[in-house]
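# Architecture at a glance
The lines below spell out each chain.
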Amino acid sequence: MGIIRKRLQRSRRAFVVAIALLACTQSLVAHALEADSVLGHLHHHHLLTTTVPRNGDQNPYGIAVAPVSAGSIHRNDVLISNFNNSKNLQGLGTTIVAYHPDSGSLSTFATLPRHLPAGGPQCPGGVGLTTALTMLSSGYVIVGSLPSEDGTTTTKSQGCLLVLDSAGKLVSSITGAQIDGPWGNMALHEHPGGATLFVSNTGFGVGAADGTPPVVQRATILRIELAFGPGQPPRVTGQTVVADGLGEQADKSVFIIGPTGLALDADGTLYASDALGNRIVAIDDALTRTASAGQGREISRDGLLNRPLALVQAPGGHLLTTNGLNGQVVEIDPKGHRQIGAQWFDSDKAQSPPGSGDLFGIAATPSGDGFYYVEDDVNTLQLAN
């Protein structure tokens, strides 16, 4: 009971800190915004819930909004993956929690073992859940794993994609030579009888974070073709590397840095955040291309960008990306190659610059008038509208 009390006290402290932050300058615009900007219509930031489950996992990374009701998940629930364990060690988180907007409550959707038992689905190195998180309309949930034994890349393994049913039970895994450190938020395109999934891989050739680790130009974006029937888990029917040669780097404080955000436009263009290049790139014809586009076509670089991480496309086509090195979210017009402006989503002055390292996953609300995001310094889910 003492451990439970300590965890409850930690969660209460997180709520107090977050509420204090929201009462300050969090909603202030960082730079002047155009009248038709997406960020210009976001005036309020609401703390919705802690993301810490009963086992104490921390560091919320991935966000996915449920497209359907299935099993223990209700349509429009918000699924959140945790990357750290209760000791705050990276690459050891094993839980996905679900926030229920109708009731404002939080439940644990899935708790996976650190190392999967023999005789079932396998994942090289075990389980350490990442930002790569999505839910199919068939009810299955897919989440990335980039596991570590000690919280650093020194002991990291190849990892995999894990497939869970709508009750949170592990049913299969996706592994292979083209998957190594599935990391960033996934982009998804569904069609009758199947789906196309995009995921970035940041583990190829990355070693320990000792000293000043080198930037390795081996990160990829992989397209995975899935097929499924009624009540059947998805099965892989094809894989194509659509981008490669992107930068990746081991890091003591954030584990690994590499391409993180993915957003698929209706015209088949895939946008990606190149964190180390401090830019947003486009992969043309991502749904149909048969060869890699290399590092992609540059859309926007530097300016308001400060290590862009998660990426989401807003209604109307503009992109929003969270900054990893400050608490701002940046809006970009990808067709005009323009940065529209930025807004402080996290102005916590405990970090320098304010909010540095706090933001990660972001997802649009089903109504399209707001955005869910996580603050991993205080382990909370927030809503901007």
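Refer to the preceding data block for the structure.
Below, the structure is looked at part by part. (Residues numbered from 1 in each chain as written. Predicted model: local features only at pLDDT ≥ 70, side-chain atom pairs only at ≥ 80, totals over all residues. Heavy atoms only, no water.)

### So, the overall build of the chain
Helix and strand counts for the chain stand at 1 helix and 25 strands. With respect to the principal axes defined by its C-alpha atoms, the chain has extents near 55 × 50 × 45 Å. Across the chain, the fraction of contacts at a sequence separation of at least 24, relative to all contacts at a separation of at least 6, is 58%. Accessible surface computed for the chain: about 14400 Å², of which carbon and sulfur atoms make up 52%. Distance between charge centroids for the chain: 9 Å, based on 24 positive and 31 negative side chains. (Helix = DSSP H or I, 4+ residues; strand = E, 2+ residues; numbered from the N terminus. Contact = heavy atoms within 4.5 Å. Areas by Shrake-Rupley, 256 points an atom, 1.4 Å probe, with all protein chains shown as cover. Lys, Arg positive; Asp, Glu negative; His and termini not counted. Charge placed at Lys NZ, Arg CZ, Asp CG, Glu CD.)

### A word on the pattern of salt bridges
Considering all chains together, one arrives at 10 salt bridges under this definition. Across the pair Asp267 and Lys335 runs a salt bridge, and its minimum N-O distance is 2.9 Å. Linking Asp267 in the loop between strand 15 (262–264) and strand 16 (270–274) with Lys335 in the loop between strand 21 (328–333) and strand 22 (338–344), this pair joins segments that are 68 residues apart in sequence. Residue classification places Asp267 among the partly exposed positions, given a relative accessible area of 47%. Beyond isolated ion pairs, a larger network of salt bridges with shared partners links Asp274, Arg279, Glu298 and Arg301. (Salt bridge = Lys/Arg side-chain N within 4 Å of Asp/Glu carboxyl O. Buried < 20%, exposed > 50% of the residue type's maximum accessible area, 1.4 Å probe, protein only.)

### Comments concerning the environment of Asn278
Examined against the element boundaries, Asn278 turns out to sit in the loop between strand 16 and strand 17 (279–283). Among the residues examined, Asn278 registers a relative accessible area of 15% and is labelled buried. Distance in space between the C-alpha atoms of Asn278 and Glu248 is 12 Å, their sequence separation being 30 residues. Filtering out sequence-adjacent residues up to four positions away, Asn278 remains in contact with Ser300, Arg301, Asp302, Leu305, Asn306, Arg307 and Pro308.

### Concerning the pairing of strand 12 (residues 216–227)
Burial analysis of strand 12 places 10 of its 12 residues in the buried class, the great majority of the element. The pairing of strand 11 (residues 194–201) with strand 12 spans 8 bridges and is classified as antiparallel. Looking at the pairing, Ser200 lines up with Ile221 of strand 12. With 9 bridges joining them, strand 12 and strand 13 (residues 235–251) adopt antiparallel strand pairing. (Pairing = 2+ DSSP bridges.)

### Some points on the environment of Ser200
Positionally, Ser200 belongs in strand 11. Owing to a relative accessible area of 0%, Ser200 belongs among the buried residues under this scheme. Along the primary structure Ser200 and Pro259 are separated by 59 residues, whereas in three dimensions their C-alpha atoms are 6.3 Å apart. What Ser200 contacts, discounting residues up to four positions off in sequence, is Gly181, Pro182, Trp183, Gly184, Thr220, Ile221, Pro259, Thr260 and Leu262. Among the polar contacts listed, one links the side chain of Ser200 to the backbone nitrogen of Gly184, at a separation of 3.0 Å. Among the polar contacts listed, one links the side chain of Ser200 to the backbone oxygen of Pro259, at a separation of 2.8 Å. (Polar contact = N/O pair within 3.5 Å; in protein donor to acceptor, adjacent residues only side chain to side chain.)

### Quick notes on the nonpolar core
Within the largest apolar cluster, 24 residues are counted, with the highest numbers of intra-cluster contacts made by Ile63, Val78, Trp183, Tyr372 and Leu381. When residues of this core are traced back to their parent elements, those giving at least two are strand 2 (58–65), strand 3 (78–84), strand 4 (95–100), strand 14 (255–257), strand 23 (359–364), strand 24 (371–375) and strand 25 (380–384). Residues contacting Val78, with those up to four places away along its chain left out, are Ile63, Ala64, Val97, Ala98, Tyr99, Tyr372 and Leu381. Counting 22 residues, the second-largest nonpolar core is a separate cluster that includes Ala98, Leu116, Met135 and Leu164. (Core = buried A, V, L, I, M, F, W, Y, C linked by side-chain atoms within 4.5 Å.)

### Let's talk about the sheet that holds strand 13
The sheet built from 5 strands is open, its strands ordered 10-11-12-13-14 with antiparallel pairing. Because the sheet does not close on itself, it has two edges, and the strands there are strand 10 (187–191) and strand 14. On average, adjacent strands in this sheet sit at an angle of 30° to one another, irrespective of strand direction. (Axes fitted to C-alpha atoms, helices over the stretch in contact; angles between N-to-C directions.)

### Thoughts on the packing of aromatic side chains
Note on aromatic pairs: each is described by the distance of the centres and the angle between the planes. All chains considered together, the criterion is met by 7 aromatic pairs. Taken together, a centroid distance of 5.0 Å and an interplanar angle of 15° make the contact between Tyr61 and Phe83 stacked. Of this pair, Tyr61 sits in strand 2 while Phe83 sits in strand 3, and the two are 22 residues apart along the sequence. Each member of the pair Tyr61 and Phe83 is classed as buried. Their ring planes at 90° and their centres at 5.8 Å tell us that Tyr61 and Trp183 sit as a pair that is edge-to-face. With Tyr61 in strand 2 and Trp183 in the loop between strand 9 (170–174) and strand 10, this residue pair connects regions lying 122 residues apart in the sequence. (Phe/Tyr/Trp six-rings, centres within 6.5 Å; stacked < 30°, edge-to-face > 60°.)

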